[in-house]
Amino acid sequence: MTSPYTIQQHIGKIENSPSHEDLLYNILAVYMELFPVSNSLLFRFSPLGYLGEGIISLTASGLVCIGDIRDDIRTLPIIFSAILERKAKYCSAIDSFRQTSSKYVLSSSINSLIVVPICSESFVSGYIISTEVPKNAAFDERLVNALTHYGQLVGKALEKTKGAMDSQHLSKRELEVMKKVAWGESTKEMAQSMHLSEVTVKQYVNSAIKKLNAKNRSHAVAELFRKGILH
């Protein structure tokens, strides 16, 4: 049984990743070391449009980029539920086909569906999916709780790490505002929490969008995730 202590021992490998690329890889590699799964897919999540965006997939055959997978997770019940509740979810056999999209099936051996939200405080920054598990694996409540714990520790580890690229020419205020945009806060909410006027907040947002050469808020947030500035 994977205990909280065992999981905690392995988190250091993620925290000590030498680069952003290594960090992403280690999130999945450690996950597959700890839990009885045969594949894993890592996704970013943005509350703007409830967007799930594929990053990488890891199997025994190696690493694959899955950047072509983009979904409104509100159309995928088990993923949506896991993110809303901030808890890992598991379903088996035919239910897995009903709960997700065929784009998440990278081989013909799908036999389960596991979703592990990556949480930082009240913010879900991403999630891990597995669609293949060994036949003798038993996903009871304790194991599902361990998966939830792993997602929480990964979220905390991401908070401690720096992005592979720094914030470049964004000011401290611009970066702070864009983090709040990524968390789904409205202009009014940001103005209240930062003790600024809504006009000033909009100026920071528009300035950040321009510096990132983005088309809009969603595009700017996606760029910050892609560069490793936001996790």
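Residues numbered from 1 in each chain as written. Predicted model: local features only at pLDDT ≥ 70, side-chain atom pairs only at ≥ 80, totals over all residues. Heavy atoms only, no water.

- As named in an unreviewed UniProt entry, the chain is DNA-binding NarL/FixJ family response regulator, taken from Brevibacillus fulvus.

1. A short note on helix H5 (residues 141-160)
Line of reasoning, step 1. The end-to-end C-alpha distance of H5 is 29 Å, a good match for the 28 Å that 20 residues give at a rise of 1.5 Å each.
Line of reasoning, step 2. When H5 is considered as a whole, its buried residues turn out to be Leu143, Val144, Ala146, Leu147, Thr148, Tyr150, Gly151, Leu153, Val154, Gly155, Ala157 and Leu158.
Line of reasoning, step 3. Of the surrounding elements, those touching the buried residues of H5 are helix H1 (4-15), helix H2 (20-34), strand S5 (89-92), strand S6 (112-120) and strand S7 (123-130). (Helix = DSSP H or I, 4+ residues; strand = E, 2+ residues; numbered from the N terminus. Expected span 1.5 Å × (residues − 1). Buried < 20%, exposed > 50% of the residue type's maximum accessible area, 1.4 Å probe, protein only. Contact = heavy atoms within 4.5 Å.)

2. Overview of the environment of Leu28
Line of reasoning, step 1. When you line up the elements, Leu28 lands in helix H2.
Line of reasoning, step 2. For the pair Leu28 and Asn39, spaced 11 residues apart in sequence, the C-alpha to C-alpha distance is 8.9 Å.
Line of reasoning, step 3. When near neighbours in sequence (up to four residues on either side) are disregarded, Leu28 contacts Ser40, Leu41, Leu42, Ile56, Ser57, Leu58 and Ile128.

3. Let's talk about the pairing of strand S1 (residues 39-46)
Line of reasoning, step 1. Counting buried positions over the 8 residues of S1 gives 8, a clear majority of the element.
Line of reasoning, step 2. Side chains Asn39, Leu41, Phe43 and Phe45 of S1 all project onto a buried face; the interleaved residues Ser40, Leu42, Arg44 and Ser46 project onto the opposite face, where all are buried too.
Line of reasoning, step 3. Bridge analysis of S1 against strand S2 (residues 51-59) gives 8 bridges, and the strand direction is antiparallel. Along S2, the bridge assignment pairs Asn39 with Thr59.
Line of reasoning, step 4. Relative to S7, S1 is paired through 4 bridges, and the arrangement is antiparallel. Residue pairing for S7: Arg44 is matched across the bridge by Gly126. (Pairing = 2+ DSSP bridges.)

4. A closer look at the packing of H1 against H2
Line of reasoning, step 1. Running from N to C, H1 and H2 cross one another at 155°; their axes reach a closest spacing of 9 Å. For the element pair H1 / H2, the angle class is roughly antiparallel. The interaxial crossing formed by H1 with H2 has right-handed handedness. The residues of H2 that touch H1, namely those facing Thr6, Ile7, His10, Lys13 and Ile14, are Leu23, Asn26, Ile27, Val30, Glu33 and Leu34. (Axes fitted to C-alpha atoms, helices over the stretch in contact; angles between N-to-C directions. Parallel < 35°, antiparallel > 145°, perpendicular 65-115°, else oblique. Left-handed = near helix turned anticlockwise from the far one by under 90°.)

5. Quick word on the confidence of the model for the chain
Line of reasoning, step 1. When pLDDT is averaged along the chain, the result is 85; 87% of the residues meet or exceed 70.
Line of reasoning, step 2. Taken element by element, the predicted model of the chain shows its lowest mean pLDDT in helix H4 (residues 94-99) (57) and its highest in helix H3 (residues 77-85) (94).
Line of reasoning, step 3. Segment residues 163-168: pLDDT under 50, and 12 contacts once partners within four positions in sequence are set aside and those in other chains are kept. (pLDDT = per-residue confidence, 0-100.)

6. Notes on the nonpolar core
What tends to happen in soluble globular proteins is that the nonpolar side chains get buried as a cluster.
Line of reasoning, step 1. Counting residues in hydrophobic clusters, the biggest one holds 33 residues, and the most contacted among them are Ile14, Ile27, Tyr31, Phe35, Leu42, Ile128 and Tyr150.
Line of reasoning, step 2. The leading source of residues in this core is H5, at 9 residues.
Line of reasoning, step 3. Sequence-distant contacts of Phe35, defined by excluding residues within four places in its chain, comprise Thr2, Ile7, Leu143, Ala146, Leu147 and Tyr150.
Line of reasoning, step 4. One finds Ala191, Val201, Ile209 and Phe225 within the second-largest nonpolar core, a separate group that totals 22 residues. (Core = buried A, V, L, I, M, F, W, Y, C linked by side-chain atoms within 4.5 Å.)

7. A short note on the packing of helix H6 (residues 172-182) against helix H8 (residues 198-211)
Line of reasoning, step 1. With their axes 9 Å apart at the nearest point, H6 and H8 run at an angle of 95° to one another. Relative to H8, the element H6 lies roughly perpendicular. Contacts from Arg173, Glu174, Val177, Met178 and Val181 in H6 reach Val201, Tyr204, Val205, Ser207, Ala208 and Lys211 in H8.
Line of reasoning, step 2. Its residues assigned to classes, the contact of H6 with H8 comprises 7 nonpolar, 1 polar and 3 charged. (Nonpolar A, V, L, I, M, F, W, Y, C, P; charged D, E, K, R; others polar.)

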